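# A look at the structure
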Amino acid sequence: MLIIDSGIGGLSVLNNIKKNFPNINYIYMLDNEGFPYGKKKKKFLIERSIKIINIIKEIYPIKMVIIACNTISTISLPILRKTFNIPIIGILPIFKPAIEITKNKTIGLIATRATVNSSYIKKNIYKYSFQKTIKVIATNELAIIAEKKFRKIFISNVKLREIFQSWTVLSRQPDTIILGCTHFSFLKKEIQKIFYKPINFIDSGETIVNKIKKYSYQKKKKKIFFYALNTKKKYNNYYFF
Ligand code: DGL
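A quick note: this is a predicted structure, and the numbers were derived from the prediction, not measured.

Each value, and the rule that gives it
- Residues numbered from 1 in each chain as written.
- Predicted model: local features only at pLDDT ≥ 70, side-chain atom pairs only at ≥ 80, totals over all residues.
- Heavy atoms only, no water.
- Helix = DSSP H or I, 4+ residues; strand = E, 2+ residues; numbered from the N terminus.
- Buried < 20%, exposed > 50% of the residue type's maximum accessible area, 1.4 Å probe, protein only.
- Polar contact = N/O pair within 3.5 Å; in protein donor to acceptor, adjacent residues only side chain to side chain.
- Contact = heavy atoms within 4.5 Å.
- 1 Å grid on protein atoms, 1.4 Å probe; cavity = no way out; pocket = protein on both sides within 12 Å on 5 of 7 lines; lining within 4 Å.
- Points joined across faces, edges and corners; volume = space filled by probe spheres on them.
- Nonpolar A, V, L, I, M, F, W, Y, C, P; charged D, E, K, R; others polar.
- Pairing = 2+ DSSP bridges.
- Right-handed = clockwise from strand over helix to strand, strands pointing away.

## Observations concerning the side chain of Thr71
Tracing the backbone shows Thr71 in helix H3 (residues 70-83). Residue classification places Thr71 among the buried positions, given a relative accessible area of 3%. Engagement of the side chain of Thr71 in a polar contact is seen with the side chain of Thr115, the distance being 3.2 Å. Once residues within four sequence positions are removed from consideration, Thr71 is found in contact with Tyr37, Gly38, Leu45, Thr112, Ala114 and Thr115.

Now the structure itself:
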């Protein structure tokens, strides 16, 4: 299994996978050179993800690709699925659980600029904003802050507050926040501290296990051999691009 992100964000997804499929063979691809993806153009993101998959595919017998990145998933998933004949699973910001769980009918979506500008997000906001208020923050800064936290570099609370300012000034602040970037999973504690009331975090990285199981079930039904699990050769590895 190949897992791709621009940095440490996808590690939250990898942790969920490892917990549930302990025998998985994986390659974790950190595209540090391309970071941050949020600032990149659509063309770059598509070409980059195709290039990464092609390079790794040449070296390892990957049976599945996990795009552990909302930015690539919202932009490139359909093209990647057309380009490769291996299963490709993406991580996308999810709205439905947020719609169901919010008590004050106010939801926050925070994601990279590229994700927020994608048609996937525009469609979902249009679809759900009739039912609830959806407040959006587009930021490329927060992923950088998450990288710093991971490397134990000081992170400024002032900077964090600035990012969330458009929500903290509201009389009705979001009680539910959709984390639209895998990097943000590592900042739940810091984000919670900014708000007075408890926040429900909707973390789409947690949906990965069900997505893999669902895929596996469908394949088993068709009796097609599936999976990067338990292949003879172990190849767990981290790759820096
Ligand atoms: N972790 C990524 C995401 O889920 C990308 C962050 C970035 O590189 O800007 O969107």
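## Structural notes on the layout of surface pockets
Within this model, the largest pocket holds a volume of roughly 310 Å³. Along the wall of the largest pocket there are 18 residues; nearest its centre are Thr74, Ile75, Ser118, Ser119 and Tyr120. Elements that contribute at least two residues to the lining of the largest pocket include exactly H3 and helix H6 (119-128). Residue classes in the lining of the largest pocket are distributed as six nonpolar, six polar and six charged.

## Thoughts on the pairing of strand S2 (residues 27-30)
With burial as the criterion, each face of S2 is covered, one bearing Ile27 and Met29 and the other bearing Tyr28 and Leu30. Direction of pairing for strand S1 (residues 2-5) relative to S2: parallel, over a ladder of four bridges. When the bridges of S2 are listed, Leu2 appears paired with Ile27. Crossover connection from S1 via helix H1 (residues 10-20) to parallel S2: handedness right-handed.

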